[in-house]
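Structural characterization, general
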Amino acid sequence: MELSAIQAFLQAEFGFEFQWEEELSRLTLPAEQILPVCDFLWKNPATYFDSLSCITAIDQGLEAGKMEVVYTLYSIPNHITLHLRVILERSAPVVSSVSSVWRTADWHEREAFDFFGIEFTGHPDLRRILLPEDWEGHPLRKDYVEQTKYHGIQVKYDR
């Protein structure tokens, strides 16, 4: 199936509007639909997106009050890349985990949780992956304030 047909295919299946950006091969959909859409794209033989390449989180900043999660899917047999995007409220960034569809989502979601504070409901083990469990804050958020000390060790120096 060609990328241009996927939007119409999904719209017919799910009955809601997707924002399609052809130049980016990206569909924006409601956050509550990410798990059913991903499951459908993986299981359906016409699309068969059998690989989750990446999950990327983006903090749009305090003024915008939004965060994005972008899922990069790849269909090995069809040689097609598709990006799915959901937009979340920055004050409570929560979206369903897709780790039940692709096991690789486990670590990608943990990284987004660690660095951005995005909660992935239904994740089997949502905890920090790169920073210590007791680290304060989420370092890739635009409002992050660096700690000066961690367990008595100087971690930030004023220059």
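Above this text is the structure in question.
Conventions and cut-offs
- Residues numbered from 1 in each chain as written.
- Predicted model: local features only at pLDDT ≥ 70, side-chain atom pairs only at ≥ 80, totals over all residues.
- Heavy atoms only, no water.
- Helix = DSSP H or I, 4+ residues; strand = E, 2+ residues; numbered from the N terminus.
- Contact = heavy atoms within 4.5 Å.
- Areas by Shrake-Rupley, 256 points an atom, 1.4 Å probe, with all protein chains shown as cover.
- Lys, Arg positive; Asp, Glu negative; His and termini not counted.
- Charge placed at Lys NZ, Arg CZ, Asp CG, Glu CD.
- Salt bridge = Lys/Arg side-chain N within 4 Å of Asp/Glu carboxyl O.
- Buried < 20%, exposed > 50% of the residue type's maximum accessible area, 1.4 Å probe, protein only.

Overview of the overall build of the protein chain
A count of helical and extended segments in the protein chain gives three helices and nine strands. Ordered by position in the sequence, the α and β elements of the protein chain form the string α-β-β-α-β-β-β-β-α-β-β-β. If you line up the protein chain on its principal axes, its C-alpha atoms span 55 × 30 × 25 Å. Taking the contacts inside the protein chain whose residues are at least 6 apart along the sequence as the reference set, 48% of them involve residues at least 24 apart. In the structure as shown, the protein chain presents an accessible area of about 8,800 Å², 52% of it carried by carbon and sulfur atoms. Counting 14 positive and 25 negative side-chain charges, the protein chain places the averaged centre of each group 7 Å from the other.

Some remarks on the pattern of salt bridges
Applying the stated criterion to the full structure yields 10 salt bridges. Where Arg-127 meets Asp-125, a salt bridge forms, and the shortest distance between an N and an O atom there is 2.8 Å. According to the relative accessible area criterion, Arg-127 is partly exposed, its value standing at 37%. The partly exposed category is assigned to Asp-125, whose relative accessible area is 32%. Note that Arg-141 and Asp-143 form a salt bridge whose closest N and O atoms lie 3.9 Å from each other. Classification of Arg-141 as buried rests on a relative accessible area of 16%. Via salt bridges that share partners, Glu-21, Arg-26, Glu-68 and Arg-85 belong to a single interconnected network.

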